[in-house]
Amino acid sequence: MNHFKALFALLLAAAIIAVSAYGAEDTAEPTTHAPIVLDTAPAMNAAAGWLAHMDAGRFAESWDESAATLREAVPKVQWETTLAAERGALGVVMVRKLRSATYTRTLPGVHEAEYVVIQYDTRFENRPQSVELVTPMREKDGAWRVAGYRIR
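## Points about the packing of helix 2 (residues 41–55) against helix 5 (residues 76–90)
Close contact between helix 2 and helix 5 brings their axes to 11 Å; oriented N to C, the two are set at 70 degrees. On the basis of the axis angle, helix 2 is roughly perpendicular to helix 5. Counted together, Trp-50, Met-54 and Asp-55 of helix 2 and Trp-79, Leu-83 and Arg-87 of helix 5 form the full contact between these two elements. Looking at side-chain class alone, the contact of helix 2 with helix 5 contains 4 nonpolar, no polar and 2 charged residues.

## A few points about the pattern of salt bridges
Pairs can form between side chains of opposite charge once their charged atoms are near each other. A complete count under the given rule lists 11 salt bridges for this structure. Taking the shortest distance from any N to any O, the salt bridge between Glu-61 and Arg-58 comes out at 3.4 Å. For Asp-141, the salt bridge goes to Arg-145, with nearest N and O atoms at 2.9 Å. Note on Asp-141: relative accessible area 53%, which makes it exposed. Under the relative-accessibility criterion, Arg-145 is labelled partly exposed at 24%. Among the ionic contacts, a cluster of salt bridges with common partners joins Asp-55, Arg-87, Arg-96 and Glu-132.

## Brief notes about the nonpolar core
Of all hydrophobic cores here, the largest spans 24 residues; its most connected members are Trp-50, Met-54, Trp-79, Val-116, Val-134 and Tyr-149. Counting residues per element, this core draws most heavily on helix 2, at 5 residues. Setting aside chain neighbours within four positions, we find Val-116 in contact with Thr-40, Ala-43, Ala-101, Thr-102, Tyr-103, Val-134, Thr-135, Pro-136 and Trp-144. Ranked by size, the runner-up nonpolar core spans 8 residues in total, among them Leu-107, Val-110, Tyr-115 and Met-137.

## Here's the deal with the packing of aromatic side chains
Counted according to the given criterion, the structure contains 2 aromatic pairs. In textbook terms, an aromatic cluster arises when at least three aromatic residues are bridged by ring pairs, as seen for Trp-50, Trp-79 and Tyr-149. The lysine or arginine in question, Arg-96, covers the ring of Tyr-120, its NZ or CZ lying 5.9 Å from the ring centre.

## A short note on the sheet that holds strand 6 (residues 144–151)
The 4 strands lie next to each other as 3-4-5-6, forming an open sheet whose pairing is antiparallel. The sheet is open, and its two edges are formed by strand 3 (93–104) and strand 6, each paired on a single side. Strand-to-strand twist of the sheet, defined as the mean angle between neighbouring strand axes without regard to direction, takes the value 20 degrees. Two elements, strand 5 (residues 127–138) and strand 6, share 7 bridges in a ladder whose sense is antiparallel. Bridge pairing in strand 6 places Arg-138 opposite Trp-144. Those strands touched by helix 2 are strand 3, strand 4 (115–124), strand 5 and strand 6, and its axis lies near 55 degrees from that of strand 6. The strands touched by helix 5 within the sheet are strand 3, strand 4, strand 5 and strand 6, with strand 6 carrying the most contacts at an inclination of about 55 degrees.

Parameters at a glance
- Residues numbered from 1 in each chain as written.
- Predicted model: local features only at pLDDT ≥ 70, side-chain atom pairs only at ≥ 80, totals over all residues.
- Heavy atoms only, no water.
- Axes fitted to C-alpha atoms, helices over the stretch in contact; angles between N-to-C directions.
- Helix = DSSP H or I, 4+ residues; strand = E, 2+ residues; numbered from the N terminus.
- Parallel < 35°, antiparallel > 145°, perpendicular 65-115°, else oblique.
- Contact = heavy atoms within 4.5 Å.
- Nonpolar A, V, L, I, M, F, W, Y, C, P; charged D, E, K, R; others polar.
- Salt bridge = Lys/Arg side-chain N within 4 Å of Asp/Glu carboxyl O.
- Buried < 20%, exposed > 50% of the residue type's maximum accessible area, 1.4 Å probe, protein only.
- Core = buried A, V, L, I, M, F, W, Y, C linked by side-chain atoms within 4.5 Å.
- Phe/Tyr/Trp six-rings, centres within 6.5 Å; stacked < 30°, edge-to-face > 60°.
- Lys NZ or Arg CZ within 6 Å of the ring centre and 35° of its normal.
- Pairing = 2+ DSSP bridges.

None of this, on its own, says anything about what the molecule does.
Spelled out as structure tokens, the structure:
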């Protein structure tokens, strides 16, 4: 479990997961009196594809398809070995239910960019209650890629 905590502490310091609970609405800071509702679907689609790699134990592929921020923060071998041990111990995903998806341009401790903080209530085979935080970001090429991941 120490490797798991170390990995996510590293991600916390270097990437996106220093996020506390966000509301269930998809809103950005308003530029007028009414809030702007943004389409989070592209980021959520990227997260779903990335989670499919995680759920299948294809951790190298999840790293390969992650945002540069995550790849720069965690070496591929460390990502693979830590997740193989920790996600393997959790067992298969039994249920994953969307809790919230929130668009933001700012997160604590990281540069300004476009992010969607997605929270899932997840039940693993060996852990009945978990919250997965998956944070895709829009990269310079316009693609959404996961920059942060944490299980609480």
